[in-house]
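# Fold and contact review
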Amino acid sequence: MTLNTTVGWIDGEAPLELSGGTTWGMPFARGTVASADAVAVRDSFGQPVASQAWPLATWPDGSLKWAGIALPATDSPSREYEVTHDVGTSPAAGTSPGVTVAERNDSITVSTGPLEMVINRSGSTLFSSLSRGGTTVASDGRLVSLLQDGIADGACSVSREGFTGEVTAVVLEQSGPVRAVVRLEGTHRPDSPTSDKRDWLPFVVRFYFYAGARSVRMVHSFIWDGDAEQDFLAGLGVRFTVPLQSELYDRHIRIAGADGGFLSEAVRGLTGLRRDPGEDVRRAQLAGRPTPPLAEWNEEVSGRLHLIPAWNDFTLSQLSADGFELRKRTAAGHAWVGISGGTRAAGFCSLSDTRGGLGVGIRDFWQSHPGQLDIRNAATDGASLTAWLYSPEAQPMDLRFYHDGLGQDTFEEQLEGLEITYEDYEPGFGNPAGIARTHELTLFAYGSTPATETLAADARAASVPALLQATPEYLHSARVFGDWAPVDRSTPARAELEDRLDFLFDFYAGQVEQRRWYGFWNYGDVMHTYDFDRHVWRYDVGGYAWDNSELSPDLWLWYSYLRSGRAEVFRFAEAMTRHTGEVDVYHLGPWKGLGSRHNVQHWGCSAKQLRISTPAYRRFYYYLTADERTGDLLSELVDSDQNFLGLDPVRKVRPDADTYRPDRNALGVGLGTDWGSLAATWLTDWERTGNPRSRDRLLGTMADIGALKYGFLTGEALYDLDQGRFDAGRERIQVSHLSAVFGLVEICSELVDLVPDEAFERAWLQYCRLFLATEEEQIDAVGQPLPGIYLTQAHSRLSAYAAARLRDPDLAARAWESFAEGGEHLNHENAFTLQTIEPPYVLLPVDEAPTVSTNDASQFGLAVIQNLALIGDHLPR
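Residues numbered from 1 in each chain as written. Predicted model: local features only at pLDDT ≥ 70, side-chain atom pairs only at ≥ 80, totals over all residues. Heavy atoms only, no water.

Once that is clear, we can look at the overall build of the protein chain. On a plain count of helices and strands, the protein chain comes out with 20 helices and 38 strands. Computed over the C-alpha atoms, the radius of gyration of the protein chain is 29 Å, within 12% of the 29 Å expected from 2.2 N^0.38 for a compact globule of 877 residues. Counting only C-alpha atoms, the protein chain reaches 100 × 75 × 60 Å along its principal axes. The long-range fraction of contacts in the protein chain, counting pairs at least 24 apart against all pairs at least 6 apart in sequence, stands at 67%. When the accessible surface of the protein chain is totalled, it reaches about 33100 Å², and 48% of it is carbon and sulfur. Positive and negative side-chain charges in the protein chain, numbering 76 and 119 respectively, have mean positions lying 4 Å apart. (Helix = DSSP H or I, 4+ residues; strand = E, 2+ residues; numbered from the N terminus. Rg over C-alpha atoms; globule rule 2.2 N^0.38 Å. Contact = heavy atoms within 4.5 Å. Areas by Shrake-Rupley, 256 points an atom, 1.4 Å probe, with all protein chains shown as cover. Lys, Arg positive; Asp, Glu negative; His and termini not counted. Charge placed at Lys NZ, Arg CZ, Asp CG, Glu CD.)

Let's shift gears to the packing of helix α6 (residues 492-514) against helix α8 (residues 567-582). Across the interface, α6 lies against α8 with an axial gap of 11 Å and an inter-helix angle of 55°. The pairing of α6 with α8 is recorded here as oblique in orientation. Remark: the crossing between α6 and α8 carries left-handed chirality. Here Phe 505, Tyr 508, Ala 509 and Val 512 of α6 come into contact with α8, specifically with Glu 568, Val 569 and Phe 572. Its residues assigned to classes, the contact of α6 with α8 comprises six nonpolar, no polar and one charged. (Axes fitted to C-alpha atoms, helices over the stretch in contact; angles between N-to-C directions. Parallel < 35°, antiparallel > 145°, perpendicular 65-115°, else oblique. Left-handed = near helix turned anticlockwise from the far one by under 90°. Nonpolar A, V, L, I, M, F, W, Y, C, P; charged D, E, K, R; others polar.)

Under the criterion given, the structure shown has 53 aromatic pairs. Clustering of aromatic rings is evident, with ring pairs tying together Trp 66, Phe 481, Trp 558, Tyr 559, Tyr 561, Phe 570, Phe 620, Tyr 621, Tyr 622 and Tyr 623. Above the face of the Trp 336 ring, Arg 327 is positioned so that its terminal group lies 4.9 Å from the ring centre. (Phe/Tyr/Trp six-rings, centres within 6.5 Å; stacked < 30°, edge-to-face > 60°. Lys NZ or Arg CZ within 6 Å of the ring centre and 35° of its normal.)

A side chain with one charge may pair with a side chain of the opposite charge, provided their charged atoms come close. For the structure on display, the rule yields 67 salt bridges. Its salt-bridge partner being Arg 500, residue Glu 496 comes within 2.5 Å of it at the nearest N-O pair. A residue pair is termed a helical-turn pair when its members lie 3 or 4 positions apart in one helix, as Glu 496 and Arg 500 do in helix α6 at four residues. The class for Glu 496 is partly exposed, based on a relative accessible area of 40%. Salt bridges here are not isolated pairs; linked through shared partners, they connect Asp 11, Arg 217, Arg 363, Glu 440, Arg 571, Glu 574, Arg 578 and Asp 627. (Salt bridge = Lys/Arg side-chain N within 4 Å of Asp/Glu carboxyl O. Buried < 20%, exposed > 50% of the residue type's maximum accessible area, 1.4 Å probe, protein only.)

With that settled, the discussion passes to unusual backbone geometry. With an omega of 5°, the peptide bond between His 369 and Pro 370 qualifies as cis. With respect to the secondary-structure elements, Pro 370 resides in the loop between β24 (356-362) and β25 (371-376). One non-glycine residue, Tyr 422, lies in positive phi territory at about 65°. As for its placement among the helices and strands, Tyr 422 is situated in the loop between α3 (411-421) and β27 (436-446). Using a relative accessible area of 28% as the deciding quantity, one classes Tyr 422 as partly exposed.

Another aspect to go through is the nonpolar core. The tendency in soluble globular proteins is for nonpolar side chains to be buried side by side. One finds Leu 126, Phe 207, Phe 209, Trp 675, Phe 712 and Trp 764 to be the most contacted residues of the largest nonpolar core, which totals 236 residues. Ranked by residues supplied to this core, first place goes to helix α20 (residues 854-871) with nine residues. When near neighbours in sequence (up to four residues on either side) are disregarded, Phe 209 contacts Val 99, Val 110, Thr 112, Leu 115, Met 117, Ile 119, Val 178, Arg 179, Ala 180, Val 182 and Val 216. Grouped together as the second largest cluster of nonpolar side chains are nine residues, Phe 262, Phe 348, Ala 459 and Ala 462 included. (Core = buried A, V, L, I, M, F, W, Y, C linked by side-chain atoms within 4.5 Å.)

Nothing here speaks to function; it is geometry throughout.
The following block contains the structure:
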């Protein structure tokens, strides 16, 4: 039996060239594919192409659920591809040359065909050489950083010290015919042997190699592990040595500006001189070709070359989202000369001569400002190119907490603070030590100076990598990620709801731009709630500022992408996933595996909880892209139930001390945000690795919830950490409006279909049916009305789920009524209309919408998505 599926480029059109290869994730319906060995790829003409597939997840029956699939580099990518899975046969391998890997005791050498990289197993370099066609174009790639010991405020002096990344471990993670991945780990070590500073900034770097590629993808992640009171990171970058041998007039600098423009210069320029060297000479230099022999030049120029300045150093600095500056100088100790400026640079530059060179592109360069590109010593034989991920010209990172505590020394005082600023403060908890950041770079190995058109294409490829994806219809047919359905505008009612979903996404995408939600630690997140008096988001008010996944905007965006296939939705969700999985979560220290609740600073809140770090938000990106870094984040959480021992998430308000017994490895765990996060963790680990611990804890706690007298309505149950099971004898009712708005709905809907458990399904249906039921219905069912019923619109999807499973038209009607009741502004004819607020009320004209907050956006969006999927046929006319 042969099963075929078409995949296309997420941005619509095929790239003109696939210079670096590509990888994507692909789901398969339960029971249809035995293993990744059966997966093959054909182009749009039906011809087999080289491909490599590996398992990302399996179904409970052992069949393949998700696979990562890689294609090699090619000069002519197909407009679409067909994924085939021939049951019982091996896929055609295609005819492209493959990646080769040579492992030695002290190094790993990887060749794609066009290029080769030699990676030492330890030491101060990420790689010792990168060559193209046998010629070294870069060497001694290394991580560099600058540590400053204070913030200059005019009253004291500060000093900076240089550090270099020291590699301590190198692992060949994947080696196949199409794709190889090498993972490096280490820390930054002081450059001075007499320094009293410790090693810091643990890092992980991955290099990705594809058959036929002339570029290497590099993913760099680091953990900030300093003392915020005294450690100020003043620069973080990747530096490469670029050997140059040509004459100075045949050495070429190319730096991308904005909108596809390039600075195209030589170390010794031959244009604009008082005397003309000759048109052929000028054109050759501008094009990056070798200039004609000197004998063919105008002697008035060739005899005076030593009098033309040699420009040794070039810099592009992007210190904000709205401006970059280009400048150059002849040597240290001489003044910089301004070249030009602009708004948003592409984050790409190259340095080359007639024998080859290096190009480097930084993804999300201006969005993640402050960034910088440096070329130094271009007039010497050993030039350097530094891609600064954090510019040394910017103000150093100041990660100290933003206020002095305001006297909130006790839980009682902190709860009072929560009442006024919504900030859950606690001394010592606004600590950033353990947060992380990931950057993606692309290294291009050139055999000569490329044409500007090639460089422009390379800059685009580094900035927006080509990605293949399956259609929403296929993803839906595979029955992954629970209850959702592709976009459907077949009736006026459906079209109206789809329009409102589109509006919400477009509004938030517009707010990112208008409000400049950019920057090293901020890009990817959105704000929580709006201040209509000041006409700004509440960026400075406690828990109303950065959202940190509060009420699941991550889920709203990913389900919106699954339904629509829109590239702009994917990029938005991707940026949010990169941010919330790295910056909002601790990756080492006492809170490892926990995330920080919403705050003025991403790490500022004392509520460190699983509801922020949950894999429910990141598994989409992992499965759709096969991204190894996201896989690391998922693996970090495998034993996250142990975190409850070190930090009670409800320590300030827990009324029942008997439900928190860390001395006996037993503690009260909420059946909403807590168990939902644990269930997402165990499910993801089980399907990724087959880990029996995760399987048993997932299935065991599901059975225990089903055995509880009041099921999910119990609210919290005593969890035995050793056994991974709940005490099923607890009898009480405690309902929270937050329990089902952090991924619980989505995970439960998956689990009910994935692993049959009648008691668990009955408990979940009871919760869904009763949450928005009348008091009379609640009393009749469980003997009392349910407290804590808020967020009516968001919870309408619970009624919708019960209506669909029980085939109850009355519940379906209630779901739509609750959906409308929870957002009265949606019933107005002019719902979501924008108004423009003019100066002087704000810094710039901005758009506003009624009752804007991530609460409205994500919960309205999720309610629409799941109500349409579950009971769409019962839309009111």
